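# Structural characterization, general
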Protein chains: 2
Amino acid sequence: MSARRPVPKAAIFRLSLYLRELERLRAETRETVSSRELGRALNLTDAQVRKDLTYFGQFGHRGVGYRVSELIPQLRHILGTDRKWNVVVLGAGNLGRALSAYRGFRNQGFNIVGLFDNDPAKIGQDVGDLTVESMDALSTTVQARDVQIAIICVPAEAAQTVTDLALRSGIPGIFNFAPVTLEVPGSTVEVSEDLAIRLEQLTFDLSKLLS
Amino acid sequence: MSARRPVPKAAIFRLSLYLRELERLRAETRETVSSRELGRALNLTDAQVRKDLTYFGQFGHRGVGYRVSELIPQLRHILGTDRKWNVVVLGAGNLGRALSAYRGFRNQGFNIVGLFDNDPAKIGQDVGDLTVESMDALSTTVQARDVQIAIICVPAEAAQTVTDLALRSGIPGIFNFAPVTLEVPGSTVEVSEDLAIRLEQLTFDLSKLLS
DNA sequence: TAGATTGTTAATCGATTAACAATC
DNA sequence: TAGATTGTTAATCGATTAACAATC
């Protein structure tokens, strides 16, 4: 393992954008694409595209560009989406139920294998092809179904408790939608998404625009 | 208007985190908070907290810290959440229906005033206190209900078309959940959120952790 | 070959952190 | 007053961009 210079977090994000665009190009049966063209489609410079890719290897062909069908599996491998991930959704409110059924996840190799809630009124309800289970059953399910990711969709007050439960159950990855900063140990991975905050990024610009 | 040094985009995002944390502190009836403490709660340095705030003014009190009930309205004003925003949701699939009913938005001053879809089978359906309307009715609604924001929840293929329709209808702000890079004129504001990509940021780290 | 385009180094730009005088 | 903590400048760090030799 070489002493790897650190890869900017923003570069990882762009890798996903490249992959998304490449899959679009493949659907159009495009065979190659240059860094210039890829950048143009995503509002990035060609230098940025090449730099991001070379953090991980040499994927291009001088004078030619990048072969679409060659680069796609490479990016998938880097991003870890060349395999299946088993996911549980914790919290069966509006958002939890929607994400459980979201095709955007299922298409990308994420299997939603369980939906959990503490509310007795919700337990037993069917949501798509899932049935809401009790949080108490989480630990058993994680072992039985080899779960790697928990999507947290409970209210802010419950998020840390539910996260702790998920981690104790052996789930290493947390995708948090609750509007709270979670404390997780370094041996686990956490990504947070606060949709209201994202909307505030919009209103910040909008306020200036409309004033 | 002074020649304002540019504010990092990341700083705007953190402003929202400060606001969220301050509201939590206020619920606990805390009166003041220091930059050190605020940073600790959010995994940031105290210098970062102070720097971010001073992009917009002098809100603190030397020797004391920041008064919670004083800073909250200041941040709300900066972020544009000291007013109501009227929002329509375009696309009444799983995600669109969930976001239409999402309390996390409603609580923050976002009024969802319409839910639209092109599918005749969906038009007329009730979703919470909304009824799905035809996309054709969008333009009329925007004028009647003074809409500033459209949340795009249609499939990738339809997103640009629906966005163009929203912009033509006079909506200046686009919050896009479709997995596609939109083209919008500079006179409008756009924020994109690809949930599958966010999940890939998690699997990138997770792959390394589990290998 | 000539033209195109990568991979990579060096230069630039921007954001974060450290340090400390101001001051409550 | 002494202790705490801000606001701000300067130093550091990191990320982006420009430039170009390598090469298909």
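Conventions adopted
- Residues numbered from 1 in each chain as written.
- Chains lettered and ligands numbered in written order.
- Predicted model: local features only at pLDDT ≥ 70, side-chain atom pairs only at ≥ 80, totals over all residues.
- Heavy atoms only, no water.
- Contact = heavy atoms within 4.5 Å.
- Salt bridge = Lys/Arg side-chain N within 4 Å of Asp/Glu carboxyl O.
- Polar contact = N/O pair within 3.5 Å; in protein donor to acceptor, adjacent residues only side chain to side chain.
- Helix = DSSP H or I, 4+ residues; strand = E, 2+ residues; numbered from the N terminus.
- Nonpolar A, V, L, I, M, F, W, Y, C, P; charged D, E, K, R; others polar.
- Near = heavy atom within 4 Å.
- Pairing = 2+ DSSP bridges.
- Axes fitted to C-alpha atoms, helices over the stretch in contact; angles between N-to-C directions.
- Domains from an automatic or database assignment.
- Least-squares fit on C-alpha atoms with pLDDT ≥ 70 in both.
- Buried < 20%, exposed > 50% of the residue type's maximum accessible area, 1.4 Å probe, protein only.
- Lys, Arg positive; Asp, Glu negative; His and termini not counted.

Between chain A and chain B, the residue contacts involve 61 residues of the former and 61 residues of the latter. Counting the contacts that link chain A with chain B gives 4 salt bridges. The interface formed by chain A and chain B contains 23 residue pairs in polar contact (both at pLDDT 80 or more). Of all the secondary structure elements, the ones that give two or more residues to the side of chain A that touches chain B are helix 1 (9-27), helix 2 (35-42), helix 4 (68-79), helix 5 (94-101), helix 6 (103-106), strand 8 (173-176), strand 9 (189-192) and helix 9 (195-210) of chain A. Among the elements that take part in the side of chain A that touches chain B, helix 9 of chain A stands out by supplying 15 residues, more than any other. Taken together, the residues of the side of chain A that touches chain B break down into 36 nonpolar, 16 polar and 9 charged.

Around DNA strand C, a shell composed of 23 residues is seen, among which Ser35, Arg50, Gly60 and Tyr66 of chain A together with Arg62 of chain B lie nearest. Backbone sugar and phosphate groups make up 67% of those atoms of DNA strand C lying within 4 Å of the protein. A distance of 2.6 Å is found between a phosphate oxygen of DNA strand C and a side-chain nitrogen or oxygen belonging to serine 35 of chain A. If you list the elements that add at least two residues to the surface near DNA strand C, you get helix 3 (46-54) of chain A together with helix 3 (46-54) of chain B. If you tally residues by element for the surface near DNA strand C, the top one is helix 3 of chain B, at 4 residues.

This brings us to the sheet that holds strand 5 (residues 126-127) of chain A. Residues and elements named next belong to chain A. The sheet built from 7 strands is open, its strands ordered 5-6-4-3-7-8-9 with mixed pairing. The sheet terminates laterally at strand 5 and strand 9, the two strands that pair on one side only. Contacting strand 3 (85-90), strand 4 (110-117) and strand 6 (130-134), helix 7 (residues 138-145) crosses the sheet at an angle of about 165° to strand 4. Sheet contacts for helix 8 (residues 156-168): strand 3, strand 7 (149-152) and strand 8; angle to strand 7, the most-contacted strand, approximately 170°.

Once that is clear, we can look at the domain arrangement of chain A. Domain annotation for chain A reports domain 1 (9-79) and domain 2 (85-197). Between the C-alpha centres of domain 1 of chain A and domain 2 of chain A the distance comes to 32 Å.

With that out of the way, let us pick up the relation of the copies chain A and chain B. By a simple turn and slide, chain A fits onto chain B: the slide is 0.0 Å along the axis, the RMSD is 0.0 Å, and the turn is 180°. Within this description, the copies of the chain are treated as partners about a two-fold rotation axis. Residue alanine 98 of chain A, judged by its C-alpha, is the member of chain A lying nearest the rotation axis, at 3.0 Å. When the interface residues of chain A are mapped onto chain B, 100% of them again lie at the interface, so the same face is used by both copies.

All chains considered together, the criterion is met by 25 salt bridges over all chains. We note a salt bridge from arginine 20 of chain B to aspartate 194 of chain A, for which the minimum N-O separation is 2.9 Å. Of this pair, arginine 20 of chain B sits in helix 1 (residues 9-27) while aspartate 194 of chain A is found in the loop between strand 9 and helix 9, placing the two residues in two different chains. Among the residues examined, arginine 20 of chain B registers a relative accessible area of 17% and is labelled buried.

A few words now on the environment of glycine 96 of chain A. Residue and element names in this part refer to chain A. Topologically, glycine 96 is positioned in helix 5. With relative accessibility at 1%, the residue glycine 96 sits in the buried group. Considered as a pair, glycine 96 and alanine 137 are 41 residues apart in the sequence and their alpha carbons are 17 Å apart.

Turning our eyes to something else, we now look at the side chain of glutamate 200 of chain A. Position of glutamate 200 of chain A relative to the elements: it lies in helix 9. With no salt bridge to any partner, buried glutamate 200 of chain A finds its closest opposite charge in arginine 76 of chain B, at an N-O distance of 6.9 Å. The residues contacting glutamate 200 of chain A, other than those within four sequence positions of it, are Ser16, Leu19, Leu79, Thr81 and Gln108 of chain B.

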